[in-house]
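# Working through the structure, step by step
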Amino acid sequence: MMFKNSVRLLCANFDKVWKLLVYHILSIALCVGLLSVFFDFYVDAGTLAYHESGLSGFVNTGTLYGSTLAKGLTAVADFVIIFFREIFSNAGIGIYFCLIAFILLPLLLNVGKIVTCEMMYGYMSSCQKQSFTGTYLKSLKSSFSYGIVKVFYSMPFNALIVLSMWALTRINNDIFDYILPFAFVIVPAIFMAFKETFNAGWAPAKVVYHQNVFKSYGKGMKAVLRRGAKVFSTAFIIFLLAIVLSVVLGLYAIIIILPLISPLIHIFEMVMFFSSQGMRFYVDNDTILTPKKLEEVDKIEDAKYLI
């Protein structure tokens, strides 16, 4: 039901997809502009990595075909390794790249997440429409503190996801070449769903209760744990579908999927939080859902804490 309601809300609020997409494009453009200071250096490193990794021979690969895809994924991993090896030949330029790509860009995206959740809170609670720019300016102080803390909190999870994908490409076995496409889809989806389970309640709690970052995380985790299995399984389905469509259909699918997956995840988190808290919410202009009350969601041993 969480997945179904999330999709319904996404369709009813599709204007937010375009607004968030424009914000993401502007954020990426800002970071690219900052990186363009060393444009020639990064282009040279990318060109060298592109040829040394053998990636040029697999650019058109977009199918789940055994050893072909296995070699293509290995080439992608080699490309990343060689690229970072080259840019860190100059430590200052390498560190600058990492600060922009792994600190500033995620920070900007996290700020956009809070803005989207604020707009969804207005719609879900009272069917209210809010402007992206107005909400952005109003929530900037709160969203910035959330964004910077979440950047560093997410690093171990992101490292685990990247490490799992890299480890899969290091397995050198002819039989495993035919298993790799399935492993490459399932394993990252599991780790992404694991990460989402530990993050899903954070932004909604911050938006609903307007408390500091750390108290909001605690309230968010309590909400997630009420429906932990459902949160994990729904997140797994979302990421699994996104990865499968991207791998099978190739570049054109990624162009379509990426703008949709981010707002869908934000909406899913709000649906999860409202449902876990027993809060009524709009799924469209004519439909209000009434989830189970907290007394029905919580375990029997927790009932003594209810007022």
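Everything numeric in this text was worked out from a predicted model, so none of it was measured. (Residues numbered from 1 in each chain as written. Predicted model: local features only at pLDDT ≥ 70, side-chain atom pairs only at ≥ 80, totals over all residues. Heavy atoms only, no water.)

A separate point is the packing of aromatic side chains. Here the distance between the centres and the angle between the planes together describe a pair of aromatic rings. Under the counting rule described, the total for this entry stands at 25 aromatic pairs. Centre to centre, the rings of Phe 38 and Tyr 42 are 6.4 Å apart; their planes meet at 85°, and the pair counts as edge-to-face. With 5.8 Å between their ring centres and 80° between their planes, Phe 274 and Phe 281 make a pair best called edge-to-face. Members of the aromatic cluster, connected to one another through ring pairs, are Phe 38, Phe 41, Tyr 42, Phe 79, Phe 83, Phe 84, Tyr 96, Phe 97 and Phe 102. Here the basic side chain of Lys 219 rests over the ring of Tyr 209, its NZ or CZ set 4.9 Å away from the ring centre. (Phe/Tyr/Trp six-rings, centres within 6.5 Å; stacked < 30°, edge-to-face > 60°. Lys NZ or Arg CZ within 6 Å of the ring centre and 35° of its normal.)

Another point: the pairing of strand β1 (residues 281-284). Relative to strand β2 (residues 287-289), β1 is paired through 3 bridges, and the arrangement is antiparallel. Paired with Phe 281 across the strands is Leu 289, a residue of β2. The turn joining β1 and β2, which pair antiparallel and follow one another in sequence, is formed by 2 residues. (Pairing = 2+ DSSP bridges. Helix = DSSP H or I, 4+ residues; strand = E, 2+ residues; numbered from the N terminus.)

As a further point, take the nonpolar core. Among the nonpolar cores identified, the biggest contains 43 residues, and Leu 9, Met 124, Val 231, Val 271, Met 272 and Phe 281 are the most heavily contacted of them. Listing elements by their share of this core, those giving two or more residues are α1 (2-12), α5 (91-126), α8 (176-197), α9 (202-209), α10 (213-226), α11 (228-249), α12 (251-276) and β1. In terms of residue count, α12 provides more of this core than any other element does, 11 residues in total. Contact partners of Val 231, with chain neighbours within four places excluded, come to Met 2, Thr 197, Ala 200, Val 224, Phe 268 and Met 272. The next biggest cluster of nonpolar side chains, apart from the first, holds 22 residues, and it includes Ala 45, Phe 83, Ile 103 and Leu 107. (Core = buried A, V, L, I, M, F, W, Y, C linked by side-chain atoms within 4.5 Å. Buried < 20%, exposed > 50% of the residue type's maximum accessible area, 1.4 Å probe, protein only. Contact = heavy atoms within 4.5 Å.)

For the rest of this paragraph, the subject is the confidence of the model for the protein chain. Should pLDDT be low for a region, the predicted coordinates there are not to be read in detail. Per-residue pLDDT for the protein chain has a mean of 85; in total, 87% of the residues score no lower than 70. In this model, residues 60-66 is a region of pLDDT below 50 whose contacts with residues beyond four sequence positions or in other chains number 15 contacts. Below pLDDT 50 for its whole length, residues 295-307 participates in 7 contacts with residues either more than four positions away or in separate chains. (pLDDT = per-residue confidence, 0-100.)

Non-glycine residue Cys 127 carries a positive phi angle of around 55°. Among the structural elements, Cys 127 can be located in the loop between α5 and α6 (132-138). According to the relative accessible area criterion, Cys 127 is partly exposed, its value standing at 25%. We note that His 210 has phi near 55°; this positive angle belongs to a residue other than glycine. The residue His 210 is located in the loop between α9 and α10 in this model. By relative accessible area, His 210 is classed as exposed at 57%.

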